[in-house]
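Listed below are the residues making up each chain.
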Amino acid sequence: MVSNTESFSIRSSFSKWAPLISTLLLTGITYGVQRTSLALYASELSGSNITNILVFLQISSTIITYGLFKGIAGFFSSRISFRVKRKNTMRIGLGLLVIGSVSIVLAQYIKLTGLILGNVFIGAGLGLFFTASMSALTEIAGAEGSAFSVGSMEFSVYLGSSIGSFFAGLIVEKQGNNFAASFLFALIVAGVAVVVGILLLRSVETRELVKGTKEEILLDSTKVETKWSLRNIVKTPTLLISYLAGHFSRIMDSLIVLLLPILVSSSYGFTATQVGLVTAGFTLAWAISMPFTGKLSDRFGRKGLIVIGLVTEGLALVLITFTKEPIHVILLAIAAGIGTAIYYPSLPSITRDVVPIVKREQSFGLYRASLDSGYFTGPLIAMGLAFSATKLNLWSDTSDIILENQLKFPFLVIGISLGVLALLFLFLAMETRPGWVQASISLKHGNKVKDVYIKLNQSLEAYIDNKELDCCTNILLEAKELESDADKLVFRVTQALYGKVRPAPDDYHFYKITDTLDTSIGFTLRSMRKLLMIPRQSLPKKFVEYLKIECELLVKMITKAVDALEVVCIQPLSSHPIFQEVHDLESKLDVNSHEGLSCITQDSGKLNPVEALYVVQIIESLEQSANHIEDAVDIMKIVGLKYQVRPLVI
């Protein structure tokens, strides 16, 4: 199974997009209730002495278990989808979410074991569901909106998490610290998510590989084997760093969930309301910003936003350790959330940009495994850093605040690590998604140009078959109408380029591609108009054969050029073999043009001098059309080379 390469918009695919986003919102609410209540409930069951390493392990065991099994399930999600289809994988994930919620409800009887067992099922369920959802949403949005689709997904999940956190706190407070009531609420929401998943999640599958489609072009041109290997990531620095950054984003999130509330409450003396504002500020800033930052990533590219986001988040984490003012900590938590939102949607979008299409869903599973396993390593790293800082006095020389130093040190180290990741991305990673705002318009224009050439070929065939001149002229007029439609698209590309304060990267390249292809039409139209002025019986037989071959080659050439443009827009890695096919066709056209001139030189037939001049001009015009198509492909090649990361070796 491979993904569909057509470019969808959210508007045109709302019936597919809305049910999935709604289900993600419901799973987010379920997770949000447990995210808020679990740490406190685990602490209540384990004891409250955080300086004891065993107690710390007990409190963090729920997050560790959740991250471990979520990562494992994410890794195997694509294999399960291949066997039972994606929608059934999603439903299995939602079923496991319900089972985990039931186990947590029963934790009042089986204590901490129930919480850990519940997180095994919840982690596995959400790992399956989120990985399959990410693959589906990036397909629905298409190549031009993959980061926006990821941002929308995470927005719905974390908005749901915020809603769940609010209701969890409200229910626990109203029920007199009765955690079971909040977990029962989470179970009900999970049940609703299962119902929605069964009834509404239907249009989430990929299409089968069809011979002659762009999927086949991508598959053939990358020569992808059936076995996916980890060495592909290791040998592609851009992918490797993006997976590592994803892992650290979860480590950071586990710090926010596990340590930040303890730090600001026990060491900074924040009230419960202020603690809530800190955690809610981070989560809401992250959730609300992601659709916008995802759109920016699709508009301006991945690399710059990732670097800015990592630096912003890392700096905010470091500064949190140097201030105790509630307003400052709240603002820094919001800044950390915004920093996360800036880079977070771009990371999985790099996988969509780079990995061969036939292996994309498997690579998303690998990315999710790297991402979510951060919930497993995060608490362990936090614990190691905290207990290695017992003798550090970076913030104070007073020896009676060992706990404060312990809690601050992980934030300092992880903040610096995020800065190092930003530097690695800046110097070692390549941009994988230019700001191709004009790409979709250029592609529409290319298809319109192809339609013009097909019409012109039909007009030529009618002329060769000695049909009425009116028939040939009418077909030519249809081609002229298509050319007018193409001109409107040229105007849109031009308007978008020069009508904005800051054009996106490579807008000018797509403008030149569009303008060059559009110019090629003019030469062919002029040649056909002149041809219709020459009586068919006046042309030598060899020249008629030349014309037939020339126009057929032109149609093949423009078809391949448009295919090349589409593949460049989807995945630059796969485009270069198609460029070579266009150049091979242009070489055949050159040879055929030479033969056309030779046959006229040797035998002018019944042509008068003016008609003979027209014939020479027709040959030159058709050759000019081919040259302009090749020029447009050369510009596509520049774009393809600019954004081609290290080829994947499988």
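For the structure itself, look to the data block above.
Note that residues are indexed from 1 along each chain, following the sequence as it is written. Owing to the predicted nature of the model, reporting of local features is limited to residues with pLDDT of at least 70; listing and counting of side-chain atom pairs is limited to 80 or more, with chain, interface and lining totals taken over all residues. Water and hydrogen atoms were dropped before computing side-chain values, which therefore reflect all heavy atoms in the structure.

### A few points about the overall build of the protein
The following threshold applies: Runs of H or I in DSSP of at least four residues are treated as helices and runs of E of at least two as strands, each being numbered from the N terminus. It only takes one pair of heavy atoms within 4.5 Å for two residues to be counted as in contact. All accessible-area figures derive from a Shrake-Rupley calculation using a 1.4 Å probe, and residue coverage is judged against the displayed protein chains alone.
Of the regular secondary structure elements, the protein holds 23 helices and 0 strands. When contacts within the protein are restricted to residue pairs at least 6 apart in sequence, those whose partners lie at least 24 apart make up 85%. Taken as a whole, the protein presents about 25,700 Å² of accessible surface, with 63% of it coming from carbon and sulfur.

### Describing the pattern of salt bridges
Applicable threshold: A side-chain nitrogen of Lys or Arg and a carboxyl oxygen of Asp or Glu constitute a salt bridge if their distance falls within 4 Å. We call a residue buried when its accessible area falls under 20% of the maximum for its residue type, exposed when it is over 50%, and partly exposed in between, using a 1.4 Å probe and counting protein chains only.
Considering all chains together, one arrives at 9 salt bridges under this definition. A salt bridge links D298 to R302, with the nearest nitrogen and oxygen atoms 2.9 Å apart. For the pair formed by D298 and R302, the shared burial category is buried. Each of K70, E154, R250, R368 and D372 takes part in a single network of salt bridges with overlapping partners.

### Quick look at the environment of L547
With respect to the secondary-structure elements, L547 resides in helix α21 (residues 541–570). Its relative accessible area of 3% is what places L547 among the buried residues. Once the C-alpha coordinates of L547 and L460 are considered, the two residues, 87 residues apart in sequence, prove to be 8.1 Å apart. In this view, L547 contacts L460, L531, L539, I618 and L622; residues no more than four positions away in its chain are not counted.

### So, the state of the cysteines
To be explicit about the condition: Two cysteine sulfurs form what is called a disulfide whenever their separation falls within 2.5 Å.
Under the defined criterion, the tally for this structure stands at 0 disulfides. C471 forms no disulfide, and the closest cysteine sulfur to it belongs to C472, at a distance of 5.5 Å. Owing to a relative accessible area of 30%, C471 belongs among the partly exposed residues under this scheme.

### Observations regarding the packing of aromatic side chains
Under the convention used in this document: Between rings of Phe, Tyr and Trp, where Trp is taken as its six-membered ring, a pair exists when centres lie within 6.5 Å; planes separated by under 30 degrees are stacked, by over 60 edge-to-face, and by other angles tilted. Here, a charge over a ring means that NZ of Lys or CZ of Arg falls within 6 Å of the ring centre while also lying within 35 degrees of the ring normal.
Within the structure shown, the criterion is met by 11 aromatic pairs. Arranged with centres 5.9 Å apart and planes meeting at 55 degrees, the rings of Y268 and F270 form a pair that is tilted. Between F543 and Y546, the ring centres sit 5.2 Å apart and the planes meet at 40 degrees, which makes this aromatic pair tilted. In this pair, F543 and Y546 are both assigned in helix α21, 3 residues apart and thus about one turn of the helix distant. What makes F543 buried here is its relative accessible area of 0%. Judged by relative accessible area, Y546 falls into the buried class, the value being 3%. By the ring-pair criterion, three or more aromatic residues cluster together here, those being Y158, F282, W286 and Y344. Above the face of the F148 ring, K295 is positioned so that its terminal group lies 4.9 Å from the ring centre. Lying over the aromatic face of F523, R526 brings its terminal NZ or CZ to 4.9 Å of the ring centre.

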